[in-house]
Amino acid sequence: MCPDKKIASVNEKEAQKRKASTDKSNAQNCHVCKKHITESVAITSEGKDYIWHFCDQKCYESYKNNKQKYDPK
Ligand SMILES: [Zn+2]
């Protein structure tokens, strides 16, 4: 039994755990101005296959007025 190998595999698992928790982070960027926002304050708009986040009502309004510009093709 090689003790070094055991340590390495534990560290790998730890790294994967950390990566997974980063992926689940609820931080978002405003779909219009790209400003960093948190989910708790975000205004969201649910499309068919996506949810957009907006930092405030103004960005949400400009999205609504320019949907073609902001929606994926
Ligand atoms: Zn914004």
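All values derive from a computational prediction rather than experimental measurement.

Participant: Could you give an account of the confidence of the model for the protein chain, naming the residues involved and the relevant values?
Facilitator: In low-pLDDT segments, the atomic positions of the prediction should not be examined closely. Averaged over the protein chain, the pLDDT score is 81; the fraction of residues at 70 or greater is 75%. No element of the protein chain has a lower mean pLDDT than helix α1 (residues 3-23), at 66, and none a higher one than helix α2 (residues 57-65), at 95.

Participant: Just give me the short version of unusual backbone geometry, but keep the residues and values in it.
Facilitator: Phi angles above zero are rare outside glycine, and K34 is one such case at about 70 degrees. Summarising the element assignment, K34 is placed in the loop between β1 (27-29) and β2 (36-38). Residue classification places K34 among the exposed positions, given that 10 C-beta atoms sit within 10 Å.

Participant: Which residues make up the nonpolar core, and what values go with them?
Facilitator: Judged by nonpolar contacts, V32, I37, A42, F54, C55, C59 and Y60 together constitute the single largest core of seven residues. Once residues within four sequence positions are removed from consideration, C59 is found in contact with C30, V32, C33 and F54.

Participant: Outline the environment of K64, supporting the account with residue identities and numerical values.
Facilitator: By secondary structure assignment, the location of K64 is in helix α2. For K64, a count of 11 C-beta atoms within 10 Å puts it in the exposed group. For the pair formed by K64 and S45, sequence separation is 19 residues and the distance between their alpha carbons is 9.4 Å.

Conventions used here
- Residues numbered from 1 in each chain as written.
- Predicted model: local features only at pLDDT ≥ 70, side-chain atom pairs only at ≥ 80, totals over all residues.
- pLDDT = per-residue confidence, 0-100.
- Helix = DSSP H or I, 4+ residues; strand = E, 2+ residues; numbered from the N terminus.
- Buried ≥ 20, exposed ≤ 12 C-beta atoms within 10 Å, placed from the backbone.
- Core = buried A, V, L, I, M, F, W, Y, C linked by C-beta atoms within 7 Å.
- Contact = placed C-beta atoms within 7 Å.

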